[in-house]
Amino acid sequence: MRTPIIAGNWKMYKTVGEAVDLIKGLLVGLGQVHGREVVVCPPFTALYAVRPLLIGTNLALGAQDLHYEPQGAFTGAIAPTMLTDVGCRYVIIGHSERRQYFGETDTSVNRKIRAALTVGLTPIVCVGEVKAERDRGEAELVVGRQVTAGLADLRPAEVARLVIAYEPVWAIGTGDTATPADAQAMHATIRALLSKQVGAATAATVRIQYGGSVKPENIDELMAQPDIDGALVGGASLKAESFLRIVSFQ
Ligand code: PGA
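Residues numbered from 1 in each chain as written. Predicted model: local features only at pLDDT ≥ 70, side-chain atom pairs only at ≥ 80, totals over all residues. Heavy atoms only, no water.

**Description of the overall build of the protein**
When helices and strands are tallied, the protein shows twelve helices and eight strands. C-alpha extents for the protein along the principal axes are approximately 45 × 45 × 35 Å. The buried share of the protein, taken over its 250 residues, is 54%. A separation threshold of at least 6 residues defines the contact pool for the protein, and within that pool the share at least 24 residues apart is 73%. Roughly 11,100 Å² of accessible area belongs to the protein as shown, and the carbon and sulfur atoms make up 55% of that amount. Computed over 24 positive and 25 negative side-chain charges, the separation of the two mean positions in the protein equals 4 Å. (Helix = DSSP H or I, 4+ residues; strand = E, 2+ residues; numbered from the N terminus. Buried < 20%, exposed > 50% of the residue type's maximum accessible area, 1.4 Å probe, protein only. Contact = heavy atoms within 4.5 Å. Areas by Shrake-Rupley, 256 points an atom, 1.4 Å probe, with all protein chains shown as cover. Lys, Arg positive; Asp, Glu negative; His and termini not counted. Charge placed at Lys NZ, Arg CZ, Asp CG, Glu CD.)

**Here's the deal with the site of the ligand**
The environment of the ligand is made up of 13 residues, and the closest members are Lys11, His95, Glu167, Gly173 and Ser213. Contact distances for the ligand include 2.7 Å between an oxygen atom and a side-chain N or O atom of Lys11. In the environment of the ligand, an oxygen atom lies 2.8 Å from a nitrogen or oxygen atom belonging to the backbone of Gly235. In isolation the ligand has 280 Å² of accessible area, and contact with the protein removes 95% of it. Across the shell around the ligand, the residue classes break down as four nonpolar, seven polar and two charged. (Near = heavy atom within 4 Å. Polar contact = N/O pair within 3.5 Å; in protein donor to acceptor, adjacent residues only side chain to side chain. Nonpolar A, V, L, I, M, F, W, Y, C, P; charged D, E, K, R; others polar.)

**Considering the pattern of salt bridges**
Applying the stated rule across the entire model yields 16 salt bridges. Residues Arg136 and Glu138 are paired through a salt bridge, measuring 3.2 Å at the closest nitrogen-oxygen approach. Accessibility expressed as a relative area gives 53% for Arg136, which makes it exposed. Asp220 serves as the salt-bridge partner of Arg245, at 2.6 Å between the closest nitrogen and oxygen. You can see Arg245 sitting in helix α12 (residues 240-247) and its partner Asp220 sitting in helix α11 (residues 219-223), a full 25 residues away along the chain. For Arg245, a relative accessible area of 29% translates into the label partly exposed. Take Asp220: its relative accessible area is 23%, and that puts it in the partly exposed class. Three or more residues joined by partner-sharing salt bridges are found here, namely Arg2, Arg191, Asp227 and Asp229. (Salt bridge = Lys/Arg side-chain N within 4 Å of Asp/Glu carboxyl O.)

**Let's talk about the environment of Ala116**
The topology assignment puts Ala116 in helix α5 (residues 106-118). Sequence-wise, Ala116 and Tyr68 are 48 residues apart; in three dimensions their C-alpha atoms are separated by 7.6 Å.

**Focus on the pairing of strand β1 (residues 5-9)**
Counting buried positions over the five residues of β1 gives five, a clear majority of the element. Note: β1 against strand β2 (residues 37-41), five bridges, orientation parallel. Each residue of the ladder has a partner; that of Asn9, found in β2, is Cys41. Assessed by its sense of winding, the connection that carries the chain from β1 through helix α1 (residues 16-30) to β2 is right-handed. (Pairing = 2+ DSSP bridges. Right-handed = clockwise from strand over helix to strand, strands pointing away.)

**Some thoughts on the nonpolar core**
Here is a general trend for soluble globular proteins: nonpolar side chains tend to be buried in one another's company. Grouped together as the largest cluster of nonpolar side chains are 67 residues, with contacts concentrated most on Ile6, Leu26, Ile113, Leu151, Ile190, Leu194 and Tyr210. Of the residues forming this core, the biggest block, six residues, is contributed by α1. Other than its neighbours up to four places away in sequence, Ile6 contacts Glu37, Val38, Val39, Gln209, Ile219, Gly230, Ala231, Val233, Phe243, Ile246, Val247 and Phe249. In this structure, Tyr90, Ile92, Cys126 and Val163 belong to the second largest nonpolar core, which totals twelve residues. (Core = buried A, V, L, I, M, F, W, Y, C linked by side-chain atoms within 4.5 Å.)

Given below as structure tokens:
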């Protein structure tokens, strides 16, 4: 049985004060939410400030990226232990915006996954095709390549600790969601790939989130699909009301 996991990716939004306010708003409603993991990924600058608010609650903290080296001369980068130091338990890796604007590759994704696992962080590994690739009928090929290369040489016990987020790039921030059936089909493809790589038993335990314009209006239908185990939510995670509705999916 896979425990559903919903994560809010705040991207480059929220000052410290705004982050604290949003967390307080979320905590008011989260007491009634059971049987699912709920994670927020604020910008780096807000992590330390929100941590004390989360202690003893059912809301967990994550970051949006990390560097794969343990420390060093990497101006502007954040080391894995810097994240655990401020209370993070999750880290998003390989988000399409990192791939598109910051040169993230499947190779760096692989190194970051290993670095995260080494310090006990749960990686949320993002994969997804762009519109032109889907139009050419190459979506499964592209996502398959990202999964295979991103997770290369990981042992089954390591893969079992991952969360994978399937985020079709054309659906991110556009209001355009994959249909639940299309999303389910890709999730099943990803699980079949994992099964080949690490065996069916491990593949059956890995949670696969859908991401891309998830909102209160479509979450129930998405979560009803057998291989959709959660959601990675951008825009709709920036307001307490909409994120609370999403984490309360039926
Ligand atoms: P969105 O973003 O929900 O705003 O489409 C999702 C994401 O980028 O993780």
